[in-house]
Amino acid sequence: MKWEEKRDMVKIATWYYHYGWTQAQIAKKIGISRSIISKTLQRAKDLGIVEIFIKDETYYTVDLEQKLEEKFGLEEAIVVATHDMSEEEALNFLAKEAAYTLSKRIAKVNTLGISWGKTIRKFANEFPYIPHKDLTIIPLIGGMGSSDIDLHSNQICYDLKKKMQCHSKYLYAPALVEDTEMKIDLSKNKYINEVLEEGKTVDMAIVGVSSPYNQSTMEEIGYIVPENIEELRYKDVVGDINSRFFTVDGQEANTEINTHVIGLSLEELKKIPTVVALANGLHKKDALVAALGAGLIDVIVITDRMAEYILQKND
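Residues numbered from 1 in each chain as written. Predicted model: local features only at pLDDT ≥ 70, side-chain atom pairs only at ≥ 80, totals over all residues. Heavy atoms only, no water.

As recorded in an unreviewed UniProt entry, the protein chain goes by Transcriptional regulator and comes from Listeria welshimeri.

Summarising the element assignment, Ala95 is placed in helix α5 (residues 87-106). Separated by 19 residues in sequence, Ala95 and Ile114 place their C-alpha atoms 15 Å apart. The residues contacting Ala95, other than those within four sequence positions of it, are Lys122, Phe123 and Glu126. (Helix = DSSP H or I, 4+ residues; strand = E, 2+ residues; numbered from the N terminus. Contact = heavy atoms within 4.5 Å.)

This next bit is on the pairing of strand β2 (residues 111-114). Note: β2 against strand β3 (residues 136-139), four bridges, orientation parallel. Residue Gly113 lies in a different strand from β3, and its bridge partner there is Ile138. Note on the crossover from β2 through helix α6 (residues 118-126) to β3: the handedness is right-handed. (Pairing = 2+ DSSP bridges. Right-handed = clockwise from strand over helix to strand, strands pointing away.)

Helix length check: helix α4 (residues 59-72) (14 residues) gives 20 Å between terminal C-alpha atoms against 20 Å at 1.5 Å per residue, within 8%. The set of residues buried in α4 consists of Thr61, Leu64, Glu65, Leu68 and Phe72. Down the axis of α4, the sector holding all buried residues measures 105°, keeping them to one side. Contacts made by the buried residues of α4 are with β1 (76-80), α13 (285-293), β9 (299-303) and α14 (304-313). One or two residues past the end of α4 sits Gly73, with phi positive at roughly 65°. (Expected span 1.5 Å × (residues − 1). Buried < 20%, exposed > 50% of the residue type's maximum accessible area, 1.4 Å probe, protein only. Arc of directions from axis to C-beta.)

Turning our eyes to something else, we now look at the side chain of Asn242. With respect to the element layout, Asn242 can be found in the loop between β6 (237-241) and β7 (244-247). A polar atom in the side chain of Asn242 sits 3.1 Å from the backbone oxygen of Leu140. From its side chain, Asn242 meets the backbone oxygen of Leu264 in a polar contact 3.2 Å long. The contact partners of Asn242, leaving out residues within four places of it in the chain, are Ser115, Leu140, Ile141, Gly208, Val261, Gly263, Leu264 and Leu269. (Polar contact = N/O pair within 3.5 Å; in protein donor to acceptor, adjacent residues only side chain to side chain.)

Take the domain arrangement of the protein chain next. For an interface, size is often stated in terms of accessible area lost upon the parts coming together. For the protein chain, the assigned domains read domain 1 (3-47) and domain 2 (58-312). Distance between the C-alpha centres of domain 1 and domain 2: 51 Å. (Domains from an automatic or database assignment.)

With that out of the way, let us pick up the pattern of salt bridges. All told, the structure shown has 10 salt bridges when counted by the stated rule. Residues Lys200 and Glu268 are paired through a salt bridge, measuring 3.3 Å at the closest nitrogen-oxygen approach. A residue pair is termed long-range when its members are at least 10 positions apart, and Lys200 in the loop between α9 (190-199) and β5 (204-208) and Glu268 in helix α12 (residues 266-270) qualify at 68 residues. Here the salt bridges share partners, and the residues they tie into one network are Glu75, Glu76 and Arg105. (Salt bridge = Lys/Arg side-chain N within 4 Å of Asp/Glu carboxyl O.)

This part takes up the environment of Ala44. Within the secondary structure layout, Ala44 lies in helix α3 (residues 34-46). Assessed through its relative accessible area of 0%, Ala44 is described here as buried. Spatially, the C-alpha atoms of Ala44 and Ala173 are 65 Å apart, while their sequence positions differ by 129 residues. Apart from residues no more than four positions distant in its own chain, Ala44 is found in contact with Met9, Ile49 and Val50.

Here it is, written out as structure tokens:
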């Protein structure tokens, strides 16, 4: 490259990157087309004359998001930086970021499905008071019980309804029943069946991802007992979404407990246009890897530690 040509390249790059001139201003200044200015700027980067550095701590999480979206074909990945936080602090921060980001998506839909659990409870607590009077919120799973009511889908739907001043349906049935016959009888109920059918047609669903073997909310509140957990291990179950247990290939497991759930199945969830999963805690990593690999999720909100593991696992 001639000295004069290099000097012109540096001059153009200086005007553009240092002084903030537009390509049109530079083109007018030296009397050449904008396309030549664009090519010159690109060549300056290719030759190492210009190097661009992004000086912000969020760059790392943005990079993780991009890699996750490309690898799994996601609509969106939201990665929260939590490296120096305890698990409880990370959960609170993730819920806050999820509430802020997802509020923009929720503003564009008319029907929203809600599952249950600690992470979704935290999400509802952090959700802003933003009116969305045309919205209808629908539980994706039963939500009655004598304990931990605030974790159940009906209560979460009610609390979100108050914050958005919108409409909500309620599923007056437990999430899990004792046997298949009881489930069949309850599902015949007109009001229960109507809500389940409406849940299948929501525009967007928000669910959690859990592991039955470590810090399981279902075990804590008595939905599953050691005998159930042994069966899940035997059937190679890695996690659950909406209390539907699935195997490493992301398929709903052939277990007795899955036949006792009053709520949407994984296949029914998969047909919803946008399924958003919130997941905190590395103990859920294998469940999330399986769910992503099977295409059960369209949008994820996870920590940077979880993102790093998933990307390394799938290299």
